[in-house]
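# Secondary and tertiary structure notes
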There are 2 protein chains.
Amino acid sequence: MRRRATAKNVADAAGVSKWTVIRAFTPGASITEESKRRVLQAAAALNYSPNLLARSLATNLTHQVAVFVDDFANPQKLPFLETLTDRLQAEGLVAMLININNHFDHVRALLNADQRQVDAIIMFGTAFRSETLNDRRLGRSMPPMFVLARDSQIDGVPAVVCDAELALKEIVDHLYEKGYRRPGFMAGAPALSTALRRRHHFIDFWKQKGVDETAVISAERYSAQAGAESVRHYLQNTDAKDRVDVLMCENDILAIGALDEIRGQFGLRVPQDMAVIGFDNYELGGASVYGLSTYEQPKDEMVEVVIEMITGRLPPETVTLPGKLIVRNSA
Amino acid sequence: MRRRATAKNVADAAGVSKWTVIRAFTPGASITEESKRRVLQAAAALNYSPNLLARSLATNLTHQVAVFVDDFANPQKLPFLETLTDRLQAEGLVAMLININNHFDHVRALLNADQRQVDAIIMFGTAFRSETLNDRRLGRSMPPMFVLARDSQIDGVPAVVCDAELALKEIVDHLYEKGYRRPGFMAGAPALSTALRRRHHFIDFWKQKGVDETAVISAERYSAQAGAESVRHYLQNTDAKDRVDVLMCENDILAIGALDEIRGQFGLRVPQDMAVIGFDNYELGGASVYGLSTYEQPKDEMVEVVIEMITGRLPPETVTLPGKLIVRNSA
DNA sequence: CACGCGTTTGCACCCGGTAGCAAACACTTT
DNA sequence: AAAGTGTTTGCTACCGGGTGCAAACGCGTG
């Protein structure tokens, strides 16, 4: 396997100096048409293309963005990743996908991203406490960080989120209007659940409507199975007359699991016996078996805003965007 | 924002040369305990960690692997990506997620990955024709490439796949035994469909059982909606007596869409009026509303084999691994 | 033909590491 | 004390580009 051609090789072939070669590849550089033509011809013959590693070292720009993800159970991540990578690539950037888990925690990921000189770090649906940044292993000058699709608890790190307050207001208004009065809320992983503030606003808006009691079901994780298990546990331990009449699930995956269990295992009718509403508008929730009412996050706009911040076209300040209530027949 | 400390800075602080600093960070290098201690102390004080970019330039190893993905509709990609990133990270490698689409084709992605000096390229569920490598823009010495979860049509590029022949044999045997005799097959995107060879083997094994006629429904894409639409079209244009009695869908997402339409819109019973079987064992297929029979790919083993090839512990040769039939009640 | 000015080109030095050799050092051995 | 051996350390050269300045060039003008 032959080595890649370097600027020097092309320079020799074209009979110029390596700096002229570099100029031929630098848009707007001072070079005559003639030289440029000769260089490009020699470059094509040698199959030369600049080594981006060397360029990054010299310019201090890698055009790489680390994307931290810690929850692969939510299929909604996939369309987000699709849009994100597409938009990054349109800006000449590339996504380094970092899996945050028990073997690879936030500190290690930050350290690694920093060592690799990434231009920015996007925490997509994951975040850490502000004190984590004080970890002795971490340097004082990290790449710019952004939190996507969840609140930022980190000082000076902006977040781009769907407006939870507005979303839950619209949801509760809708449910109230439909006549439901005994609300329940199913939460996923405690840390993320708190950050999303969906539960908080849900309970709050019901209180504003004079409904003080909101049942809370803890699923602990975000997965259809966890949703099914926790609702099963709830139904088994709650008298029919005491049950909630509408269950809001923190995301569609929990909702789908719960809905399936409510109908399939307990034979209850949705929405008559118990209504269900989710969050995210995951494609399958729209399937006719589910007909899941839900709330859609403004994915494209959210990604767009993060990109604008990374490229510096927008100041790095937390942005809250409105989503859209999707009413189907589950609530 | 202060600059990162360099080996030189640490060397000055510790009163040694920069090479001694580097030795302190090179496992097994020749250095006295005393020097190492002083260097590490100075390094900690300055928050020094080696610049991996510079290291990569010198060693010709980036410890980065490009992962090409072109279909984000299949939620099954997510658990694969989770395992893949986790295993890569365990080897000190990191995944660059490249979205192949209309704006960013294979040639551009290859060019970019090559310029960034990645150590390897994994084509996950995507591939191109062998001739693409002859594209004039591409250099002659690309990084090692591997195709994951689909056949490789590229000369000299190994694939790691689930054994389609074995899988379809098990599926057809099972369906035959259950008494089905009028099989149908729903295919997704033509290019990928051909590569997966599921249709080919499905039709083939039915012929071996004496069933020569297999209806083929083309969904054109892989999505629940495409599955629903194509089966709707099929049912609307086929007399009840002529309909297939079992429909094998190329993946679970198509199957879920189809199943939902068959039951929800046409009021048919599954499996009595028409049985359905998918492929991939996507979590939601197991929900009680669907009870989808399917076939599970050996995800962990497949990822493991790719990793072993990338790290050179296994020769780069196509590997075919057996999966597992999952019988639920849809077929 | 010399001069002046704007454009092109070449150059020294830099980015932050790594490789491999040679000098410096420590410690035996004779 | 000199020689021999093994370990540490420092140095030159290099990876493949980028920056900013100065020299060289081209061309119109007096």
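Residues numbered from 1 in each chain as written. Chains lettered and ligands numbered in written order. Predicted model: local features only at pLDDT ≥ 70, side-chain atom pairs only at ≥ 80, totals over all residues. Heavy atoms only, no water.

## Overview of the overall build of chain A
- When you go through chain A residue by residue, the secondary structure sums to twelve helices and twelve strands.
- In terms of principal-axis extent, the alpha carbons of chain A reach across some 90 × 45 × 35 Å.
- A burial count over chain A gives 56% of its 331 residues as buried.
- For chain A, restricting intrachain contacts to residue pairs at least 6 apart in sequence, the fraction spanning at least 24 positions comes to 73%.
- Element-wise, carbon and sulfur atoms account for 48% of the exposed surface of chain A, whose accessible area totals about 14300 Å².
- Averaging the positions of the 38 positive and the 41 negative side-chain charges in chain A gives two centres separated by 8 Å. (Helix = DSSP H or I, 4+ residues; strand = E, 2+ residues; numbered from the N terminus. Buried < 20%, exposed > 50% of the residue type's maximum accessible area, 1.4 Å probe, protein only. Contact = heavy atoms within 4.5 Å. Areas by Shrake-Rupley, 256 points an atom, 1.4 Å probe, with all protein chains shown as cover. Lys, Arg positive; Asp, Glu negative; His and termini not counted. Charge placed at Lys NZ, Arg CZ, Asp CG, Glu CD.)

## Focus: the protein's contact with DNA strand C
- With respect to spatial proximity, 25 residues lie near DNA strand C, and among them Ser17(A), Thr20(A), Arg23(A), Ser35(A) and Arg55(B) are the closest.
- Within 4 Å of the protein, the atoms of DNA strand C are drawn from sugar and phosphate moieties in a proportion of 56%.
- A distance of 2.8 Å separates a base nitrogen of DNA strand C from a polar atom in the side chain of Trp19(A).
- When contributions to the surface near DNA strand C are tallied by element, the ones reaching two or more residues are α2 (18–24) and α4 (52–59) of chain A together with α2 (18–24) and α4 (52–59) of chain B.
- For the surface near DNA strand C, a count of residues per class yields twelve nonpolar, eight polar and five charged. (Near = heavy atom within 4 Å. Polar contact = N/O pair within 3.5 Å; in protein donor to acceptor, adjacent residues only side chain to side chain. Nonpolar A, V, L, I, M, F, W, Y, C, P; charged D, E, K, R; others polar.)

## Some details on the pairing of strand β4 (residues 145–148) of chain A
Residues and elements named next belong to chain A.
- Neither face of β4 is left uncovered, since the one carrying Met145 and Val147 and the one carrying Phe146 and Leu148 both have all their residues buried.
- With four bridges joining them, strand β3 (residues 120–124) and β4 adopt parallel strand pairing. Bridge pairing links Met123 to Val147 in β4.
- One ladder, built from two bridges, connects β4 with strand β5 (residues 159–162); its direction is parallel. Directly across from Val147, in β5, lies its bridge partner Ala159. (Pairing = 2+ DSSP bridges.)

## Description of the protein's contact with DNA strand D
- As a matter of local geometry, DNA strand D sits amid 26 residues, with Ile22(A), Ser17(B), Thr20(B), Arg23(B) and Ser35(B) nearest to it.
- The contact atoms of DNA strand D, taken as those within 4 Å of the protein, divide so that sugar and phosphate hold 54%.
- Here a base oxygen of DNA strand D sits 3.0 Å away from a polar atom, N or O, in the side chain of Trp19(A).
- Take Ser35(B): an N or O atom from its side chain is 2.5 Å from a phosphate oxygen of DNA strand D.
- Those elements that place two or more of their residues in the surface near DNA strand D are α2 and α4 of chain A together with α2 and α4 of chain B.

## Here's the deal with the relation of the copies chain B and chain A
- With an RMSD of 0.2 Å, the operation that places chain B on chain A is a rotation of 180 degrees combined with a shift of 0.0 Å along the axis. What we have between these two chains is a two-fold relation. Across chain B, the smallest distance between a C-alpha and the rotation axis is recorded for Met96(B), namely 2.2 Å. (Least-squares fit on C-alpha atoms with pLDDT ≥ 70 in both.)

## Some words on the packing of helix α1 (residues 7–14) of chain A against helix α3 (residues 33–46) of chain A
All names here are of chain A.
- α3 packs onto α1 with a crossing angle of 120 degrees between their chain directions and a minimal axis gap of 9 Å. If you check the angle between α1 and α3, you find them oblique. In terms of crossing hand, the pair formed by α1 and α3 is right-handed. The residues of α3 that touch α1, namely those facing Asn9, Val10, Ala13 and Ala14, are Arg38, Val39, Ala42, Ala43 and Leu46. (Axes fitted to C-alpha atoms, helices over the stretch in contact; angles between N-to-C directions. Parallel < 35°, antiparallel > 145°, perpendicular 65-115°, else oblique. Left-handed = near helix turned anticlockwise from the far one by under 90°.)

## Here we look at the interface of chain B and chain A
- At the junction of the two partners, chain B supplies 65 residues and chain A supplies 65 residues.
- Interface of chain B and chain A: buried area, both sides summed, is about 5600 Å²; carbon and sulfur atoms make up 54% of it.
- Interface area lost by chain B to chain A is led by Leu53(B), Leu78(B) and Arg116(B), which between them contribute 13%.
- The interface formed by chain B and chain A contains two salt bridges.
- Two residues, Arg4(A) and Asp114(B), come together in a salt bridge whose shortest N-O distance is 2.8 Å.
- Our count for the contact surface shared by chain B and chain A stands at 35 residue pairs in polar contact (both at pLDDT 80 or more).
- Sorting the residues of the side of chain B that touches chain A by element identifies α4, α5 (77–90), β2 (94–99), α6 (106–115), α10 (224–236) and α11 (252–264) of chain B as the ones contributing at least two each. (Buried area = accessible area lost by both parts, 1.4 Å probe. Salt bridge = Lys/Arg side-chain N within 4 Å of Asp/Glu carboxyl O.)

## A look at the domain arrangement of chain A
- We note that the domain assignment places domain 1 (7–50), domain 2 (61–162 + 300–321) and domain 3 (164–297) within chain A.
- The C-alpha centroid of domain 2 of chain A is placed 37 Å from the C-alpha centroid of domain 1 of chain A. (Domains from an automatic or database assignment.)

## Considerations on the environment of Asp70(B)
All names here are of chain B.
- By secondary structure assignment, the location of Asp70 is in the loop between β1 (64–69) and α5.
- Look at Asp70 and you get partly exposed, because its relative accessible area is 34%.
- Through-space distance from the C-alpha of Asp70 to that of Asp105 is 9.3 Å; in sequence the pair is 35 residues apart.
- For Asp70, the contacting residues outside a window of four places in its chain are Ile100, Gly125 and Thr126.

## Considering the sheet that holds strand β11 (residues 319–321) of chain B
- Taken together, twelve strands build an open sheet; the order of strands is β11(A)-β5(A)-β4(A)-β3(A)-β1(A)-β2(A)-β2(B)-β1(B)-β3(B)-β4(B)-β5(B)-β11(B) and the sheet is mixed. Strands with a single pairing partner mark the edges of an open sheet, and in this sheet they are β11 (319–321) of chain A together with β11 of chain B. Taken pair by pair, the neighbouring strands of this sheet meet at an average axis angle of 20 degrees, ignoring direction.
- Of the strands in this sheet, β1, β2, β3 (120–124) and β4 (145–148) of chain B touch α6(B), which is tilted by about 170 degrees from β1(B).
- Those strands touched by helix α12 (residues 299–310) of chain B are β1, β3, β4, β5 (159–162) and β11 of chain B, and its axis lies near 170 degrees from that of β5(B).

## A word on α12(B)
All names here are of chain B.
- The terminal C-alpha atoms of α12 lie 17 Å apart, and with twelve residues this matches the ideal 16 Å at 1.5 Å per residue to within 8%.
- Taken together, the buried positions of α12 are occupied by Met302, Val303, Val305, Val306, Ile307, Glu308, Met309 and Ile310.
- If you follow the buried residues of α12, they end up packed against β1, α5, β3, β4, β5 and β11. (Expected span 1.5 Å × (residues − 1).)

## What to know about the packing of aromatic side chains
- Tallied over the full model, the rule gives 13 aromatic pairs over all chains.
- Linked through ring pairs, Tyr176(A), Phe185(A), Phe202(A) and Trp206(A) together constitute an aromatic cluster. (Phe/Tyr/Trp six-rings, centres within 6.5 Å; stacked < 30°, edge-to-face > 60°.)

## As for the environment of Gly312(A)
- With respect to the helices and strands, the residue Gly312(A) is situated in the loop between α12 (299–310) and β11.
- Sequence separation between Gly312(A) and Ala95(A) is 217 residues, and the spatial gap between their C-alpha atoms is 17 Å.

## As for α6(B)
- α6(B) sits mainly inside the fold: eight of its ten residues count as buried.
- Those residues of α6(B) that fall on the buried side of the exposure criterion are His106(B), Val107(B), Ala109(B), Leu110(B), Asn112(B), Ala113(B), Asp114(B) and Gln115(B).
- Buried residues belonging to α6(B) abut α4 of chain A together with β1, β2, β3 and β4 of chain B.
- The opening residue of α6(B) is Asp105(B), an N-cap whose side-chain oxygen sits 3.3 Å from the backbone nitrogen of Val107(B).
- In the stretch just after α6(B), Gln117(B) is the one whose phi turns positive, near 60 degrees.

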